[in-house]
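Below, each chain spelled out in residue letters.
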Amino acid sequence: MPNLLVPLVLAIGLLVLPWHMQQDGLLSPDWLGLWSTDPASAPALLLAARLNHAWLWPVLACGLTAAVAPMLPGRRLGGGAMLAAGLLGLALMAGQGFAVGLAGWEWPWLERLAGPLAEGQFGMGGGAALAGFGFLFTATGGAARLGAFRGDAFTAGAAGLVAIVVLLFTFWPICLALLSAFDAGLLNFAARLADRRLWGWGGSALNTLALGLAVAACTTLLGLAFALLVTRTRLPLRKLLRALTVLPIITPPFVIGLGLILILGRAGLVNQAASALFGVDLGLWIYGLPGVLLAQVFAFTPVAFLVMIGVVEGLSPTLEEAARTLRADGARTFRTVTWPLMRPGLANAFLVGFIESVSDFGNPIVLGGDYAVLSTDIYFAVVGAQADPGRAAVLAWILLAFSLSTFAIQRWLTAGRSYVSVSGKGDSGLPQPLPLGIRRLCLAVAVPWAALTVAVYALVLAGGFVRVWGRDWTPTLSHYGRAFGLGWGPGGIIWEGTAWPSLFVTLQLAGIAAPLTAGIGLLAAWLFTRQRFAGRRLLEAATLLSFAVPGTVIGVAYVRAFNVPPLELTGTGVIIVLAFISRNLPVGLRAGMAAFSQLDPSLDEASSMLRQGNGATLRRVLLPLLRPAVASALVYGFVRGVTTVSAVIFLTSGQTEMATVFIVLRAVNGDYGLAIAYASVLVAILLAAIGLITLLVGGIRIGRRTPAGVVA
Amino acid sequence: MWFGGTGDPHLSAAEEGLSQAYKPPALEKLQPWARKQAEAAEYKTIGVYAGVLGFGYNTELMAKKGIAPPRCWADLTTAPFRGEVQMANPNSSGTAYVMIATLVQLMGEDRAFAYLKALHPSINSYTRSGTGPIKAVARGETAASISFMHDAVTEAVAGFPVRANAPCEGTGYEVGSMSILRGARNLANARKFADWALSVEGQATGAATKQFQTPANVDAPLPEGAPRFADMKFIEYDFARYGSAAERKRLIERWDREIGSLPR
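Residues numbered from 1 in each chain as written. Chains lettered and ligands numbered in written order. Predicted model: local features only at pLDDT ≥ 70, side-chain atom pairs only at ≥ 80, totals over all residues.

Turning next to the overall build of chain B. Helix and strand counts for chain B come out as 11 helices and 9 strands. Here the C-alpha atoms of chain B give a radius of gyration of 19 Å, agreeing with the 18 Å that 2.2 N^0.38 yields for 264 residues. C-alpha extents for chain B along the principal axes are approximately 55 × 40 × 30 Å. Looking at chain B as a whole, 52% of its 264 residues qualify as buried. Contacts in chain B between residues at least 24 apart in sequence constitute 74% of all its contacts with a sequence separation of at least 6. (Helix = DSSP H or I, 4+ residues; strand = E, 2+ residues; numbered from the N terminus. Rg over C-alpha atoms; globule rule 2.2 N^0.38 Å. Buried ≥ 20, exposed ≤ 12 C-beta atoms within 10 Å, placed from the backbone. Contact = placed C-beta atoms within 7 Å.)

As a further point, take the packing of helix H22 (residues 500-530) of chain A against helix H25 (residues 573-596) of chain A. All names here are of chain A. At a closest axis distance of 6 Å, the pairing of H22 and H25 adopts a crossing angle of 40 degrees. In terms of orientation, H22 lies oblique with respect to H25. Crossing of H22 against H25: the hand is right-handed. When grouped by side-chain class, the residues that make up the contact of H22 with H25 number 19 nonpolar, 7 polar and 1 charged. (Axes fitted to C-alpha atoms, helices over the stretch in contact; angles between N-to-C directions. Parallel < 35°, antiparallel > 145°, perpendicular 65-115°, else oblique. Left-handed = near helix turned anticlockwise from the far one by under 90°. Nonpolar A, V, L, I, M, F, W, Y, C, P; charged D, E, K, R; others polar.)

Let us now look at the nonpolar core. Residue and element names in this part refer to chain A. Grouped together as the largest cluster of nonpolar side chains are 219 residues, with contacts concentrated most on Val-162, Val-307, Met-308, Ala-579 and Tyr-678. At 17 residues, helix H14 (residues 289-314) tops the list of elements feeding residues into this core. In contact with Val-307, other than residues within four places in its own chain, are Gly-223, Gly-345, Asn-348, Ala-349, Val-352, Ala-591 and Ala-594. (Core = buried A, V, L, I, M, F, W, Y, C linked by C-beta atoms within 7 Å.)

Let us now look at the packing of helix H10 (residues 204-232) of chain A against helix H16 (residues 330-359) of chain A. All names here are of chain A. The geometry of H10 relative to H16 is characterised by a closest axis approach of 7 Å and an angle of 135 degrees between their N-to-C directions. With respect to their mutual orientation, H10 and H16 come out oblique. Along this stretch, H10 crosses H16, giving a crossing that reads as right-handed. Side by side, H10 and H16 meet where Thr-208, Leu-211, Gly-212, Leu-213, Val-215, Ala-216, Thr-219, Thr-220, Gly-223 and Leu-224 of the first sit next to Leu-346, Ala-349, Phe-350, Gly-353, Phe-354, Ser-357 and Val-358 of the second.

Of the residues lining the interface, 25 residues belong to chain B; the matching set on chain A comes to 24 residues. Elements that contribute at least two residues to the side of chain B that touches chain A include exactly helix H4 (94-107), strand E5 (123-127), helix H7 (149-157) and helix H11 (245-260) of chain B. The element contributing the most residues to the side of chain B that touches chain A is E5 of chain B, with 4 residues. Class assignment for the residues of the side of chain B that touches chain A results in 7 nonpolar, 12 polar and 6 charged.

Turning to unusual backbone geometry, a few remarks are in order. Positioned with a positive phi, Arg-150 of chain A is a non-glycine residue whose angle comes to about 55 degrees. Within the chain, Tyr-43 of chain B stands out as a residue other than glycine whose phi angle is a positive 65 degrees. Judged by C-beta crowding, with 20 C-beta atoms within 10 Å, Tyr-43 of chain B ranks as buried.

Below, the structure is given as structure tokens:
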């Protein structure tokens, strides 16, 4: 009952929990000092009444109004009061947060008006977060009562939640970062935009575009080939194939680059064989476009595969059966029915591939050589010899323009057509086997690719067990010992290995982020595909914004936006979790949207005719049909949390060291053995996690028949 | 506390008033370059270690190709090194900038750029990152590189056939520094840490973690294999001038115009 729940949340936020942020983190025992007179752990009421935080009184008054407003009679009066109190409460919270900083007033005119403050305040914490949610849901509840969102409180709350998450943790930091491009004036911005280093032959903007398009095309086709082979054939090895395509996604990005160098580099296996057999030196061809392209296709084919397999699995076979009944042969059915139905999925996969490629950081930095791309240029503009954040902001503008225009083109291509194929109407039939030609083509593409993947991974795995990778192949276990050593002490196990602390932090943060990412992503997908309300398009575009911005920019933007109160998060685990959510939300969103666009709205209609609210329809009818999307969003959220480098490298601190950052730093120091050993363990852990998630959430079952051979 | 990293950003932070002055007791025991760094910033920062710019090379690959190890800047422009050397791109790498600034101070600006132009045919790649070239040397991807010598030692200790030489004409160096930030919450502990970092025990942690920079404390043992300042010829590196943003921008733009745009 939201009528009681929301005021309760408000009350806890304002009266019970500490208003400010805890210096030692969410799990510190400071929480237990409720009602203590230490400003760091006192709730808002106490702060205002006893601790000179008089600027909190308006917030508290507004909280009381918001808690009482739902009890007011009448649609207009009650709804209006709720909306007003909720919005005012949010505004007051933000206002006081920006106005009073660590050392008193932040704005000089306030100081002149009200005199200097004796003390300032810390950043907002748990109490403030709950109060914020309370105000937000009061406002959305009021809006629904006034008739917006078709009067549905759940839809209104969901829209409000997605909006605030996107606004605070994507839009605001990125806007701050992008606006800094104009710090030196508009003319300077224009001059930098037209830089020869960007658009000339070999310029980084041109390079990025070419690379992105090539990678997107390759990954989409490979992803499709794998998805078709896995779902539409009875290939004996398809389980293995499925596992193989998932491998690169769970590997920290630079590992693939190093593996490729080992095979194809100047001192690599291929080159050594070539010079021994034919006496030719193949040279340094891998550094530059070919190497980056290869590594990125390796790294991002699995993403395309995850998008495509959701689409192919969700494709109802009814239409194909109908085509076969009308005497179309296999090839024709594929061309005229299956292929067109997959178009939104293909467009999605292409989009994802392009954006992943242009925002990738790990591979260009390992294999790029002279080949400059925007994402690494941005990084070096910030940390390199130029120390020029303005230039970084200009480059971020260009990158953003690339991704947004791809997005627009994709929308334009798939607009105005219906791809619904799963409806509530009875039996769905059995998937058709692939036509022979298509099947051969898929095999011809997929098998060599799988072989190369196996080779890279075999070498990488071997690297953890030899003394010096690529040189001294004496077997040893010392790398694993140094990373994951265990000791026995009087107090039980002692985690001696150097890798343990970062491993625990990583699993914890990624584990928190994954369900949040999947939940918000699917909720947003449902809002954007199933609901109609004002501002929906804008919200959707803003949600996708963070996907279009490379991790390095997000990292810098976060550090800049969340370094000072009201949201003082730099150096905490919270900021990393938030970065994960904002970075990975769009993928859950797109997977969810692709899945929703295949489910007939008549399912929703039937449910609402049976008097179910939107929330119940989502939970009881749509979610069970969305299991593959839920599973892939969870998997992707967790995996990305564990393997991301680019954004996180700016956000980690001594207390929150992440595994990938640790590994990269070991590799940079030439300690490949430990880096590889650690990476292998991460891969194993991720495989186990994926298995567990798939087991718990499960796959989709649309049809009610099983193939005849199995039934007997 | 802000510990480590090349000295230039520490100096500019001190200039902007982001750090606070502190004179650790070990000040008298420090190498002149470490003290000079502190004096330049009114003790708002202090040198902890130094890295020397030099050549790294792969002994196996050099032997296979029959090239003699590089000893002087002039060697790198000779025919045997054609297409065999890597250096970083100064647009992105501080290491490459230190090299250009060193050459400018060593030869004079115009002659330095003439040298860089003559060097261009020898360079097979201007990498994005400063440590990229020495990694390539270690893995046998390129024969020689222009790198900090301590990075070459790290690779050698890791088991790769890497050696490093200091240029015979003279070379430059970077001063890794530390600063105490203004408004530090635990000032007493920060000072305690600074004292320890410059003490003999603190300085010895570098060698223990396979970092082979030259320590600032004269009493601290030199890690085995670390470059010994006394054995090399140095330029009088003018950190104030070549650390300034304007000079840096000008030199990098000149490099971009005259060398970065050359065809290969």
